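Overview (structure and organization)
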Amino acid sequence: MVVAPAPAGFDQSSLMLMGAAARSIEAAGALDSILTLALRHANERIAFERPIGKFQAVQHNLARLAGEVAAAMTAAGSAADAIAHARAFDDAVFLEVAAAKIRCAEAATEGAAIAHQVHGAIGFTKEHILHRFTLRMLAWRDDFGNESYWAAALGNRVAARGADELWPLLSSR
């Protein structure tokens with residue numbers, strides 16, 4: 001193992017931003033995987049002589065899950081892109097990462113509930129893979145600051161800039 005000093009300019013704030021972005025990307029990937037598992041299960045599981053995926057309530061829940069996946073993937077991808085192309089971790093990068101961390105944590109909560117509802121009790125069993133994704137995804141919500149931490153930090157950053165600066169910050173992205 002090699003230990004070296006952190007590069008110049010790398011501080012706790014940089015670590016939090018990069019860690020939050022990484023956890024957001026991981027959560028988005030886990031959400032995509034649980035959507036695939038839920039869709040497969042809904043098409044394979046038979047109840048009342050037809051796949052449960054044919055029931056309107058299940059279809060509605062799967063559509064909600066797909067929406068959560070899309071939102072998380074978009075937010076996480078945007079944060080990763082902002083970091084990859086940034087010369088410095090400015091307000092624009094902070095906005096992207098904070099929004100991704102908040103949205104992916106919300107999607108993880110909602111997505112895990114939906115996926116487990118579609119799977120029923122089997123998703124919690126040791127033999128089924130679903131819980132491996134959902135438990136980790138739910139734990140990642142707290143790594144590098146939970147959604148409350150990022151919401152408060154984002155609110156403080158926006159409030160410090162003043163009301164006249166909110167729209168220019170949002171529209172610059």
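Before reading on, note that the structure itself is shown above.
Summary of the structure given here.

1. Focus on unusual backbone geometry
Both trends apply: most residues other than glycine have a negative phi, and most peptide bonds are in trans. Look at Glu49: it is not a glycine, yet its phi comes out positive at around 65°. Mapping Glu49 onto the fold places it in the loop between strand E1 (46-47) and strand E2 (50-51). The phi torsion at Phe144 lies on the positive side, around 55°, for a residue other than glycine. Tracing the backbone shows Phe144 in the loop between helix H4 (130-140) and helix H5 (147-161). On the basis of relative accessible area, Phe144 is assigned to the partly exposed category, the value being 30%.

2. Structural notes on the side chain of Thr134
Its location among the elements puts Thr134 in helix H4. Once residues lying within four places of it in the same chain are set aside, the contact partners of Thr134 are Ile34, Ala112 and His116.

3. Some words on H4
For H4, the full list of buried residues reads Leu130, His131, Thr134, Met137 and Trp140. Contact partners of the buried residues in H4: helix H1 (12-44) and helix H3 (91-119).

4. Things to note about the pattern of salt bridges
The full count for this structure, using the stated rule, is eight salt bridges. Notably, a salt bridge pairs Arg157 with Asp91, separated by 2.7 Å at the nearest N-O pair. Residue Arg157 is located in helix H5, and its partner Asp91 is located in helix H3; the two are separated by 66 residues in the primary sequence. Residue Arg157 is classed as partly exposed on the basis of its relative accessible area, which comes to 29%. Look at Asp91 and you get partly exposed, because its relative accessible area is 22%. Linking Glu165 and Arg161 is a salt bridge whose minimum nitrogen-to-oxygen distance equals 3.7 Å. One network of salt bridges, in which partners are shared, links Asp91, Arg157, Arg161 and Glu165.

5. A few points about empty space enclosed by the protein
Summed over the entire model, instances satisfying the criterion amount to one cavity of 30 Å³ or more. The wall of the largest cavity is formed by Arg23, Ser24, Ala27, Lys101, Cys104, Ala105, Ala108, Met137, Trp140 and Arg141. For the lining of the largest cavity, the elements supplying multiple residues, two or more each, are H1, H3 and H4. Ranked by residue count, the leading element in the lining of the largest cavity is H3, at four residues. For the lining of the largest cavity, the residue count by class is six nonpolar, one polar and three charged.

6. Some words on the packing of aromatic side chains
Scanning the model with the defined rule gives three aromatic pairs in all. Judged by centre distance (6.4 Å) and plane angle (80°), the rings of Phe48 and Phe55 are edge-to-face. Phe48 gets classed as exposed once you look at its relative accessible area, which sits at 75%. Phe55 gets classed as partly exposed once you look at its relative accessible area, which sits at 23%.

How each quantity is defined
- Residues numbered from 1 in each chain as written.
- Predicted model: local features only at pLDDT ≥ 70, side-chain atom pairs only at ≥ 80, totals over all residues.
- Heavy atoms only, no water.
- Helix = DSSP H or I, 4+ residues; strand = E, 2+ residues; numbered from the N terminus.
- Buried < 20%, exposed > 50% of the residue type's maximum accessible area, 1.4 Å probe, protein only.
- Contact = heavy atoms within 4.5 Å.
- Salt bridge = Lys/Arg side-chain N within 4 Å of Asp/Glu carboxyl O.
- 1 Å grid on protein atoms, 1.4 Å probe; cavity = no way out; pocket = protein on both sides within 12 Å on 5 of 7 lines; lining within 4 Å.
- Points joined across faces, edges and corners; volume = space filled by probe spheres on them.
- Nonpolar A, V, L, I, M, F, W, Y, C, P; charged D, E, K, R; others polar.
- Phe/Tyr/Trp six-rings, centres within 6.5 Å; stacked < 30°, edge-to-face > 60°.

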